[in-house]
Amino acid sequence: MSKYDVAIIGSGPGGYVAAIRAGELGLKTVVVEKDPFLGGTCLHVGCIPTKVLLHHAEIYDHFKTADELGIEVTGLKINWPNVLARKDKIVKKHAKGIEFLFKKNKVEWVQGWGRYAGPGRVSVDKEGKKSEIEASNVLLVSGSEARALPGIEPDHKTILTNRSILELPEIPKTLIVVGAGAVGVEFASIYHSFGTQVTLLEALPRVVPVEDEEISTELDKTFRKKGIQIFTSSMVDSVKKDAKGVTVSFKDKEGKPQMLRAEKLLLAVGRKPMTENCGLDKSEAKLDRGFVKVGPYMETDEKGLYAIGDIVAGLPQLAHAAMMEGIIAVTHIAGKPAQPIVKTRIPNATYCEPQIGSIGLTEKQARDAGYAVKTGKFPFVGNSKATILGNHGGFIKVVSEEQFGEVLGVHIIGPLATEILAEAAAVLNLEGTIDDMMNMVHAHPTVWEGMGDAFASVRGLQINV
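Since the model is a prediction, treat every value here as computed from it, not as a measurement.

Caption draft 1: Fine view of the overall build of the protein chain. Counting its secondary structure elements, the protein chain contains 12 helices and 24 strands. For a compact globule of 465 residues, the expected C-alpha radius of gyration is about 23 Å, and the protein chain comes in at 23 Å, within 12% of that figure. By its C-alpha atoms, the protein chain is 65 × 60 × 45 Å across when sized along the principal axes. Across the 465 residues that make up the protein chain, the buried fraction comes to 51%. Sequence-distant contacts, at least 24 apart, represent 63% of the contacts inside the protein chain between residues at least 6 apart. Counting only carbon and sulfur atoms, one obtains 53% of the accessible surface of the protein chain, whose full area is about 22400 Å². Across the protein chain, 55 positive and 56 negative side-chain charges occur, with their mean positions spaced 5 Å apart.

Structure (structure tokens):
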């Protein structure tokens, strides 16, 4: 008999959530983690540290405009070491919290590099010492790492990744960000607020290219108005370092050679799956460009071997997606009814300023899928709470199916977008219609009530604009 019901390789958001749910379901569970702490990239590098800095940047922006609120502020300055210290304190607090939850749910964990070693076996390598764990099922959650551009390798001092930019000893005066996806625009937002002159370079025709086109247009307009320089459809040719920083050569959208200089360069060109050296060559699991193919319950073609998170083919590299994938996998392992994940019902939250929250199909995706599409849009300028907050730019856009009014997608840019996205996620998950949402009472005054006007706008019945 196997010693464990499930062995989980990796303690990122997918891994630790899967482990806790497995413990709750009565499965004897062990987690193998290469680092001496729990939480993975999301807690220690991605989700949490960046959102701490974004929150600090937002507070700093409030202080800069305090006179509008009738508050006099003098001697305003940033204590950068204290900002970094608070970031680290929050991360450590939540890492300890995961340890507590493991103990509470009788989840064991061991440090070391875990590999799939064949059916029912996981090998663990720690500082050259090898051991083996027996488990009826193995869940691989090895995560991802930042991609580099060909010939441009980060040195983590001048050419940075999303990991090394969190440890800068001081705020740079100038920063070039290569890549205008979620990571790129979040760091552009952070450092612009802290006084850095920021330039965004994006190879694709628009910023945040996975979002609805109107969202991209609004963010582009808002960033430029703030003073963030943006080059889209621009390909980087080379990056040269010297004692003063970097020189980036690129071709702009007209194909003309351009050159920019800055103290620091951030590579934010996406993430690649960490599936090498994980033992998948000893399995029947199939890969697609390094991503693992799985079935509806996250099981690979190797029976008893599951994969979740950033390494999964065809699903977004998002912490909350990994969490639900982990819950689905261990629920299936436990023999309980599990509901497969639906890609179009996974919310996407980007925490730049203005915030972006979206779920479901964009207008273009809905039309390309053959739907008869009807859209509605409500601007936050018509929302009283947004005016109170002094943040009434942006809008909520609803994409619906014309005949029955089924909500196909909701796309938000503006105040608290990542929070009011909750209603949109609920309506898509419950397959609600425009009429369902128009009949829902929204509290006033809230930013959230803008959702009611947005749904009503599909019928031309919005009140506040």
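Caption draft 2: Region of interest: the sheet that holds strand β10 (residues 197-201). Taken in spatial order, the five strands of this open sheet run β8-β15-β9-β10-β11, and their pairing is parallel. Every interior strand has two partners, whereas the edge strands, β8 (159-160) and β11 (229-231), have only one. With four bridges joining them, strand β9 (residues 174-178) and strand β15 (residues 264-267) adopt parallel strand pairing. When the bridges of β15 are listed, L175 appears paired with K264. Relative to β10, helix α5 (residues 182-193) is tilted by about 165°, and along the sheet it contacts β9, β10 and β15.

Caption draft 3: Local environment of the pairing of β10. The buried fraction of β10 amounts to four of the five residues, a majority that puts the element mostly inside the structure. Here five bridges tie β9 to β10, and the two strands are oriented parallel to one another. Bridge assignment links L175 to a residue of β10, and that residue is V198. Remark: the β9/α5/β10 crossover connection has right-handed handedness. In terms of strand pairing, β10 meets β11 through three bridges, oriented parallel. Looking at the pairing, L200 lines up with I230 of β11. Between β10 and its parallel partner β11, the chain crosses via helix α6 (residues 213-226), and the hand of that crossover is right-handed.

Conventions and cut-offs
- Residues numbered from 1 in each chain as written.
- Predicted model: local features only at pLDDT ≥ 70, side-chain atom pairs only at ≥ 80, totals over all residues.
- Heavy atoms only, no water.
- Helix = DSSP H or I, 4+ residues; strand = E, 2+ residues; numbered from the N terminus.
- Rg over C-alpha atoms; globule rule 2.2 N^0.38 Å.
- Buried < 20%, exposed > 50% of the residue type's maximum accessible area, 1.4 Å probe, protein only.
- Contact = heavy atoms within 4.5 Å.
- Areas by Shrake-Rupley, 256 points an atom, 1.4 Å probe, with all protein chains shown as cover.
- Lys, Arg positive; Asp, Glu negative; His and termini not counted.
- Charge placed at Lys NZ, Arg CZ, Asp CG, Glu CD.
- Pairing = 2+ DSSP bridges.
- Axes fitted to C-alpha atoms, helices over the stretch in contact; angles between N-to-C directions.
- Right-handed = clockwise from strand over helix to strand, strands pointing away.

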